[in-house]
Amino acid sequence: MSPAAYTLAELAARVGGRVEGDGGARIESVAPLEAAGPADLSFFSNPRYRAAFEATRAGAVAVGPGEAAAPGRNLLRAADPYLAFAKVSALFHPPPAAVPGVAPAAFVHASARVHPSAEVMPFAYVGAGAAVGARTILFPGVYLGPGAAVGSDCVLHANAVVREACRLGDRVILQPGCVVGSDGFGYAFDAEGEGAGPRHYKVPQAGRALVEDDVELGANACVDRGTLGDTVVGRGAKVDNLVQIAHNVGVGPLSILVAQVGVAGSTKLGAGVVAGGQVGIIGHLHIGDGVKFGAQSGVTSDVPAGEAWSGTPARPHAVWLREEVALRRVPELLREVRRLRKEIEALKGKP
Amino acid sequence: MSPAAYTLAELAARVGGRVEGDGGARIESVAPLEAAGPADLSFFSNPRYRAAFEATRAGAVAVGPGEAAAPGRNLLRAADPYLAFAKVSALFHPPPAAVPGVAPAAFVHASARVHPSAEVMPFAYVGAGAAVGARTILFPGVYLGPGAAVGSDCVLHANAVVREACRLGDRVILQPGCVVGSDGFGYAFDAEGEGAGPRHYKVPQAGRALVEDDVELGANACVDRGTLGDTVVGRGAKVDNLVQIAHNVGVGPLSILVAQVGVAGSTKLGAGVVAGGQVGIIGHLHIGDGVKFGAQSGVTSDVPAGEAWSGTPARPHAVWLREEVALRRVPELLREVRRLRKEIEALKGKP
Amino acid sequence: MSPAAYTLAELAARVGGRVEGDGGARIESVAPLEAAGPADLSFFSNPRYRAAFEATRAGAVAVGPGEAAAPGRNLLRAADPYLAFAKVSALFHPPPAAVPGVAPAAFVHASARVHPSAEVMPFAYVGAGAAVGARTILFPGVYLGPGAAVGSDCVLHANAVVREACRLGDRVILQPGCVVGSDGFGYAFDAEGEGAGPRHYKVPQAGRALVEDDVELGANACVDRGTLGDTVVGRGAKVDNLVQIAHNVGVGPLSILVAQVGVAGSTKLGAGVVAGGQVGIIGHLHIGDGVKFGAQSGVTSDVPAGEAWSGTPARPHAVWLREEVALRRVPELLREVRRLRKEIEALKGKP
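It should be emphasised that the depicted structure is a prediction, and the values quoted were computed from it without experimental measurement.

Enquirer: I'd like to hear about the relation of the copies chain C and chain B, residue by residue, with values.
Expert: One copy of the chain maps onto the other through a rotation about an axis plus a displacement along that axis. With an RMSD of 0.1 Å, chain C superimposes on chain B once it is rotated by 120° and translated 0.0 Å along the axis. Expressed as an axis order, the relation between the two copies is that of a three-fold axis.

Written out as structure tokens, the structure reads:
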């Protein structure tokens, strides 16, 4: 990996942690507990991996304040050991840096503005009037439609698409195949079809998709443009692979949408909403700040801020849990009710 | 947006509506109720947005025949106000028009036939013997395999793929990243593997995918080719982002498949089937004309024409609803049965 | 299709079957029962299609050992008729063969190694230090990142992406739009954000995605790279369209993941695991060899080898089935319990 090296003490100072053991230990990389060697920092917090922690050959391990460890183990104690570890990892694995310039095999329209520090790789396409900010990288096969604008320090991986007039803020990352600004799914049923019989009349999707600063969108994720007005993915939100965000949706800042989530049209998610994998949310809902949805839940009503909901149709997690436990007992309940029936019949027969 | 402008009366005449108020009002665009100004036509039908309707600054609003409105409000009354609005919007937002010609940075095989009025943008690829119809647009990164044929007035957005021998009719739209003609998922288990041990032997996927006139396929949606024979998406069907259509499926004309639906192999959907988001339909089923599936349902049996089904496993919507209501009461039922048990024990103990 | 022709006896010899009827029958292609003509071999095993079998005009039909057939029908009897049919079909539909060479409109970095027998089509990109093996085909729009390595006899369809440092074995097939090596979805919550307020700090995704020999990945499927260490798709596994495989997942050899399945981070699937369409599996689980999951199930716990589980949350199939049957009876149970309540009240009133 990187040729960089730090002492454990240097790392602790940089990421705001405290050393236990040998602060002079030389750390050259990061590695998982099982694979780590004496020059690696590793990380431990999930108790499921305690055996690996105890057996690791890592030169040091980032752990939380209260974590017990065998004597002699070098530790990087941090209030949030995962965050500390992530910051150390980023020292050894810096994000890709733009190699300024437009490749001869790229296409940049004469009216587009590409910052001189940006990198446009072969087969990337920058349409009329599009803009690319400082230090942004467009990988091969990236498409920026006419009038699209991409901020500074963005990375658009191979074959990512940003259609016309859409906007990405600064430090946005699009994983490969991600699509921003596809047409929303809107049709008006037209029984006549001007004499040709029934058809679904396409409603123009004339709005935009706006992706704010520090957003990351996953591989093959889709963000539709608004019908009128805009679809918005708010600052710092993170969206996993194969997620669908429909027209005129608002995703609040710092929200987290795990893989294969679908959010239907015009639904507004507050700040810091978390949706587990494969969650579906129907259209025209308001989901409050900080709401959490369990994986695969199906959301069909507004949800107040701060609540955790699960199941299909989604309901408060505690209600869902109580019901799930109860449902498991229905086969037994059927038998018990048959017994009660018999006993009542017997009682009725009693003189 | 468009520099076009119309009087309200002109718009009403074009889309088959009736003016209430000032027919001379000048309309230059369309906008949602909250954002509309005096030169915009807006639209109101969902009562959820009544407050916005009452407060709107729109120059005119399309509404249904029976809708009440404050005096002085300019209205475009239409039997179907949403359809009328969509048609007005299309006047201001016409679909992209081909700029005829093949870009120097495109690849068109010598044996391919591209209509002179079609547009082939940089980095689009048209394979041997492929055909592109009049006024069709191939955006950058589009791939047409050998022998593929695309009709007239189609739009294939960036990075859409149509593999060899597949066919698109006229006025077909492929959103970015859409794939037509990928291999179906077919393997024969081969315990011997010709001496090398077990393997999944790939069954050749030698059929085609046929996409009929007026179909739209969403971003990153997938339509597999047939194993033998063809996968067919029927005339006027609309398919949303990230939908999976497996080999030898038939999607009936005018069907609507919302985002992330999956239809397994050889299932035939009738005309006008509607599947909500994330619905899954297993293979080898027949789904009748006009069937509707609630979001996230899991369809495991044939369904007669005209029915609405929901849930997993899917069942008639009314049955599903009654059961869902009942299931919510199971925790209470468990308590009640415990009480009955005690009371029966007491009765049995009675002299 | 192919100009090749075989006698039925030749085909039987090649695929290990036995002829009943005219071994000299000339077979020029394969076709489904309804479409087959006298020069086609067809295939029958699903009893749902018996009528088509009886009516077919096929020159011969591959069937299993015990299958009854009308006299005069030419049969290719085989222990596994589907496998025999697949092998015959492959004679008529051989996989694409590389036309050696790098297209002028492709980009191959000076430091990349492309085997002279490989084919690199226009607009394919091969990054620094990347390697492409013998007879491998890169279709247009394929991206191989720096240091990526692809083995021999692979087919990477249009717009497939293999990011930096990832590896594909031999005979791997990527359907169009498939992504290998996208960043895993990993963030550490950072309440301070170095003074700028809360943010999700991106955890570097520094591992790789390794795809072993004989794997096929579907259209727009996604395999994330590991955070540290690698994501692995094992030998001979088959992965359908739009599947999500998260960071550090292990997919065991010969596993089958049907369309739209999602496997969350660090979960390990054993050998020969089968997951039906739209299954979701949460992270950090161990799923034993040969486990089968019913379509749409939601897996939330470890599963021992050899078991079949269904439902959400997934449980042993027999338990799930018993519970599903019981749940359908809850509306009736509510009525019965109301009746019992009344009868008990009556009994209590009895003198």
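Enquirer: I'd love a proper account of the interface of chain C and chain B, names of residues and values included.
Expert: The figure often quoted for interface size is the accessible area lost as the parts come together. Between chain C and chain B, the residue contacts involve 61 residues of the former and 68 residues of the latter. Between chain C and chain B, roughly 5,000 Å² of surface is buried when both sides are summed, and carbon and sulfur atoms account for 64% of that area. Linking chain C to chain B there are 7 salt bridges. One salt bridge connects aspartate 190 of chain B with lysine 87 of chain C, and the closest N-O pair in it is separated by 4.0 Å. Counting the contacts that link chain C with chain B gives 26 residue pairs in polar contact (both at pLDDT 80 or more). Put simply, the parts of the chain that give the side of chain C that touches chain B at least two residues each are helix H3 (81-92), strand S28 (238-239), strand S31 (256-257), helix H4 (317-328) and helix H5 (330-349) of chain C. A total of 12 residues in the side of chain C that touches chain B trace back to one element, the largest contributor, which is H5 of chain C. Split by residue class, the side of chain C that touches chain B holds 35 nonpolar, 12 polar and 14 charged.

Enquirer: Can you break down the interface of chain C and chain A residue by residue, with the values?
Expert: Contacts between the two partners involve 68 residues from chain C and, on the opposite side, 61 residues from chain A. The junction of chain C with chain A conceals about 5,000 Å² of combined surface from both sides, 64% of it contributed by carbon and sulfur atoms. Considering only the surface of chain C that becomes buried against chain A, Phe185, His200 and Leu228 of chain C emerge as the three largest contributors, covering 13% of it. Our enumeration of links across chain C and chain A arrives at 7 salt bridges. Across the contact surface, chain C and chain A share 25 residue pairs in polar contact (both at pLDDT 80 or more). Breaking the side of chain C that touches chain A down by element, the ones donating at least two residues are strand S21 (179-182), strand S22 (187-190), strand S23 (199-202), strand S26 (222-224), H4 and H5 of chain C. Within the side of chain C that touches chain A, the residues separate by chemical class into 34 nonpolar, 18 polar and 16 charged.

Enquirer: Help me get a handle on the sheet that holds strand S32 (residues 262-263) of chain C, residues and values and all.
Expert: Residue and element names in this part refer to chain C. Sheet architecture is open: 10 strands sit in the order S9-S12-S15-S18-S21-S26-S29-S32-S35-S38, paired in parallel fashion. With one partner strand each, in any of the chains shown, strand S9 (107-108) and strand S38 (298-299) form the two edges of the open sheet. Note: S21 against S26, 3 bridges, orientation parallel. The residue bridging valine 179 from the neighbouring strand is cysteine 222, located in S26.

Enquirer: Please give an account of helix H1 (residues 8-15) of chain C that cites residues and values.
Expert: Residue and element names in this part refer to chain C. What H1 keeps buried is the set Leu8, Leu11, Ala12 and Val15. For H1, the angular spread of buried residues about the axis comes to 100°, placing them on one side. Residues of H1 that are exposed and point more than 90 degrees away from the buried face comprise Ala13 and Arg14. Of the residues one or two after H1, glycine 16 is the one with positive phi, at around 75°.

Enquirer: Please set out the state of the cysteines residue by residue, giving values where relevant.
Expert: Taken as a whole and assessed by the stated rule, the structure comprises 0 disulfides over all chains. The thiol of cysteine 166 of chain B is unpaired, and the distance to the nearest cysteine sulfur, on cysteine 178 of chain B, comes to 11 Å. Overall, the relative accessible area of 0% leaves cysteine 166 of chain B in the buried class. Left unpaired, cysteine 178 of chain C is separated from the closest cysteine sulfur, that of cysteine 222 of chain C, by 7.5 Å.

Enquirer: Tell me about empty space enclosed by the protein, and please be specific about residues and values.
Expert: Using the criterion set out here, one finds 5 cavities of 30 Å³ or more in the structure. Of the voids in this model, the largest cavity is the one considered here, and its volume is about 150 Å³. In this structure, the largest cavity is lined by 20 residues; those nearest its centre are Gly141 of chain A, Gly141 of chain B together with Phe123, Gly141 and Asn159 of chain C. The residue makeup of the lining of the largest cavity, split by class, is 14 nonpolar, 6 polar and no charged. Of the pockets and cavities examined, the second largest cavity occupies roughly 100 Å³. A breakdown of the residues in the lining of the second largest cavity according to their chemical character gives 7 nonpolar, 9 polar and no charged.

Enquirer: Just give me the short version of the pattern of salt bridges, but keep the residues and values in it.
Expert: A full pass over the atoms with the stated rule returns 83 salt bridges over all chains. We note a salt bridge from glutamate 194 of chain A to lysine 87 of chain B, for which the minimum N-O separation is 3.7 Å. Of this pair, glutamate 194 of chain A sits in the loop between strand S22 (187-190) and strand S23 (199-202) while lysine 87 of chain B is found in helix H3 (residues 81-92), placing the two residues in two different chains. Residue classification places glutamate 194 of chain A among the exposed positions, given a relative accessible area of 62%. In this structure, the salt-bridge partner of glutamate 343 of chain A is lysine 348 of chain B, at a minimum N-O distance of 3.0 Å. Residue glutamate 343 of chain A is found in helix H5 (residues 330-349), and its partner lysine 348 of chain B is found in helix H5 (residues 330-349); the two belong to separate chains. Beyond isolated ion pairs, a larger network of salt bridges with shared partners links Arg163, Glu164, Asp183, Lys202 and Arg225 of chain A together with Glu216 of chain B.

Thresholds, definitions, all that
- Residues numbered from 1 in each chain as written.
- Chains lettered and ligands numbered in written order.
- Predicted model: local features only at pLDDT ≥ 70, side-chain atom pairs only at ≥ 80, totals over all residues.
- Heavy atoms only, no water.
- Least-squares fit on C-alpha atoms with pLDDT ≥ 70 in both.
- Contact = heavy atoms within 4.5 Å.
- Buried area = accessible area lost by both parts, 1.4 Å probe.
- Salt bridge = Lys/Arg side-chain N within 4 Å of Asp/Glu carboxyl O.
- Polar contact = N/O pair within 3.5 Å; in protein donor to acceptor, adjacent residues only side chain to side chain.
- Helix = DSSP H or I, 4+ residues; strand = E, 2+ residues; numbered from the N terminus.
- Nonpolar A, V, L, I, M, F, W, Y, C, P; charged D, E, K, R; others polar.
- Pairing = 2+ DSSP bridges.
- Buried < 20%, exposed > 50% of the residue type's maximum accessible area, 1.4 Å probe, protein only.
- Arc of directions from axis to C-beta.
- Disulfide = S-S within 2.5 Å.
- 1 Å grid on protein atoms, 1.4 Å probe; cavity = no way out; pocket = protein on both sides within 12 Å on 5 of 7 lines; lining within 4 Å.
- Points joined across faces, edges and corners; volume = space filled by probe spheres on them.

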